[in-house]
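# Secondary and tertiary structure notes
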Amino acid sequence: MTNEARNPKSESRASFVIRHLSAVALCLCPAACAFFPPLGSKRLTTDLAALHGTAPSKWTALPAIPNSAATGWLSEFSGSKLPALVNQAVANNPDMKAAGARVQQARAQMVQAGAGLFPAITANGTGSRTQSPGDQRFPGLNQIANRSTGILNVSWEIDFWGRVADERRAAKAGSEAAEEDWHAARLSLATTTVQTAVSLAEAESLLALAQSNIATRKVQLGILERQLDRGIDPERAALDVSLSRADMARAESTVLQRRATADQTRRTLETLLGGYPAGTKRGLGFLPSLKRGIPAGLPSEMLLRRPDLRAAERRVTAALATESAAKKALLPSLRLTGQLGRTSQQIEQLIRPESAIWNIGTQAAQTLFQGGRLKAGIDLERARYDESLQTYAGSVLTAFREVETALAAEQFLLQQESALERAATEAERAEQLALSQYEKGLSEVLTLLDTRQRAFDARSALIGVQAQRLRNRAALHLALGGEF
């Protein structure tokens, strides 16, 4: 083997083989490009245009996400602890940690896919000691031979058609999609945390209102019971006491119901924050207010920064590159291999030049028949691309619906809040008038209880719509992908 490696004729043959195969591959390249045109952003833009009429180039040239996009909108809620709660949720929530792990997985897969663009180099060493019978002239005298070898193997598949590059592009797009999923998970978690914290503040406010209602009713019931004890109009006093006690029992039931709602919401918030749901977390204490309304003329291009849309677009790109790689798997492959090393009977002689050995070769392969496996692989990847494209189209339509719904709800809730404020004001005035007339003996206790219940219901409804408007504002920021 060593003598052949030093033979000039052998070396010229190897050079001839390499040059010949390289020339054949280069000649096949134009034909391959004709049968397998490059698939890239041009086809993607064309397909998006077919879905949406005229697709702007920004849908494929993604803008950078501002650092404050996910949480910058929290400053719109005045006098609250929302930023601290959101930061705690992002840092401790298990779902966020899982999303971060998926990003690391996707990045590792991208490195694996790109490794095929570089030569593979391995090294191995062997050592042996053998014994063989000696010469017949010297029976019983055995021969012992030592052999030490160190080999460096190099193998490299030349990516003439760009198949490995397509696989790397697909893995890179998949990694970018995983990163966008992480941004989407963070924005979604921030929104859910805000909405849950607002729901807890709503539940606590409603509970406080119900407890205040009980305190007021207890005072009124005490007055009626003393009148009954003094024998003042006993039949009327007995009826009034019974009605007041029934009303008190209903108010106590309302308190228990709202206490249970607050407890359940508190435990939900604790779970979002990554802690044990012990039911001891203190809420905001009160409903926050909004510092400003929605600016007029919000551009629809804001949806381009939505992480879930960006992730869907990246998956379309990945599917397109994977389809291209599947097509190029039909083309011939060319691999260069080589060995470089040393062999000797003595380890200390391995460093001598005469112990060197080397080998270089090429291998060309073309798949002729596999029962339609490669063709089916192309059909599979094309169908996956079509699926991802339609999924992306559906995500875009869903995004527009979510924005339109949140914008319309903002106006409805604002008008409803104004109406309920007027209703609560008038109901409280009616309650005061009914109490005054009842104390003067001009009205029945039923009138007082009815007006008191109306005032309580109006105030409860007002708190509910105020909380709903805050939750809707958070949902609008989620739909828009961040702050205005």
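An account of the accompanying structure is given in this report. (Residues numbered from 1 in each chain as written. Predicted model: local features only at pLDDT ≥ 70, side-chain atom pairs only at ≥ 80, totals over all residues. Heavy atoms only, no water.)

Under the defined criterion, the tally for this structure stands at 31 salt bridges. Arg 306 serves as the salt-bridge partner of Asp 308, at 2.6 Å between the closest nitrogen and oxygen. (Salt bridge = Lys/Arg side-chain N within 4 Å of Asp/Glu carboxyl O.)

Let us now look at the layout of surface pockets. Taken as a whole, the largest pocket spans an internal volume of roughly 380 Å³. For the largest pocket, the lining is made up of 28 residues, of which Arg 163, Ala 325, Lys 328, Ala 329 and Leu 330 are closest to its centre. Broken down by secondary-structure element, the contributors of at least two residues to the lining of the largest pocket are β3 (143-158), α6 (163-230), α8 (307-328), β5 (333-344) and α9 (373-439). Broken down by element, the residue count for the lining of the largest pocket peaks at six residues, all from α9. Looking at the lining of the largest pocket residue by residue, the class counts come to 15 nonpolar, six polar and seven charged. (1 Å grid on protein atoms, 1.4 Å probe; cavity = no way out; pocket = protein on both sides within 12 Å on 5 of 7 lines; lining within 4 Å. Points joined across faces, edges and corners; volume = space filled by probe spheres on them. Helix = DSSP H or I, 4+ residues; strand = E, 2+ residues; numbered from the N terminus. Nonpolar A, V, L, I, M, F, W, Y, C, P; charged D, E, K, R; others polar.)

Relative to the assigned elements, Gly 127 resides in strand β2 (residues 120-132). In the structure, Gly 127 is positioned 19 residues away from Asn 146 in sequence and 7.6 Å away in space, judged by C-alpha atoms.

Moving on to the side chain of Glu 381. One can find Glu 381 in helix α9. A polar contact is formed between the side chain of Glu 381 and the side chain of Arg 384, at a distance of 3.2 Å. Ignoring any residue separated from it by four or fewer positions in sequence, one finds Glu 381 in contact with Ala 319, Thr 322, Glu 323 and Ala 326. (Polar contact = N/O pair within 3.5 Å; in protein donor to acceptor, adjacent residues only side chain to side chain. Contact = heavy atoms within 4.5 Å.)

Take the packing of α8 against α9 next. It is the contact of α8 with α9, at a shortest axis distance of 8 Å, that shows an interaxial angle of 165°. Relative to α9, the element α8 is oriented roughly antiparallel. Both α8 and α9 take part in a crossing whose hand is left-handed. From α8, Leu 309, Ala 312, Glu 313, Arg 315, Val 316, Ala 319, Leu 320, Thr 322, Glu 323, Ala 326 and Lys 327 reach across to α9, where they touch Gly 377, Ile 378, Glu 381, Arg 382, Arg 384, Tyr 385, Ser 388, Leu 389, Tyr 392, Ser 395, Val 396 and Ala 399. (Axes fitted to C-alpha atoms, helices over the stretch in contact; angles between N-to-C directions. Parallel < 35°, antiparallel > 145°, perpendicular 65-115°, else oblique. Left-handed = near helix turned anticlockwise from the far one by under 90°.)

Grouped burial of nonpolar side chains is what soluble globular proteins tend to show. Grouped together as the largest cluster of nonpolar side chains are 35 residues, with contacts concentrated most on Trp 73, Phe 77, Val 194 and Leu 287. Looking at this core, the elements that each hand over two or more residues are α4 (82-92), α6, α7 (234-272) and α10 (445-480). Top element by residues in this core is α6. It accounts for 13 residues. For Val 194, the residues in contact, after removing those within four places along its chain, are Trp 73, Leu 74, Phe 77, Leu 82, Val 86 and Ala 474. Within the second largest apolar cluster, 17 residues are counted, among which are Leu 309, Tyr 385, Tyr 392 and Val 396. (Core = buried A, V, L, I, M, F, W, Y, C linked by side-chain atoms within 4.5 Å. Buried < 20%, exposed > 50% of the residue type's maximum accessible area, 1.4 Å probe, protein only.)

For the coordinates displayed, the defined rule picks out two aromatic pairs. Relative to Trp 161, the ring of Phe 160 has its centre 6.2 Å away and its plane inclined at 50°; by these criteria the two rings are tilted. Residue classification places Phe 160 among the partly exposed residues on the basis of a relative accessible area of 25%. With relative accessibility at 14%, the residue Trp 161 sits in the buried group. (Phe/Tyr/Trp six-rings, centres within 6.5 Å; stacked < 30°, edge-to-face > 60°.)

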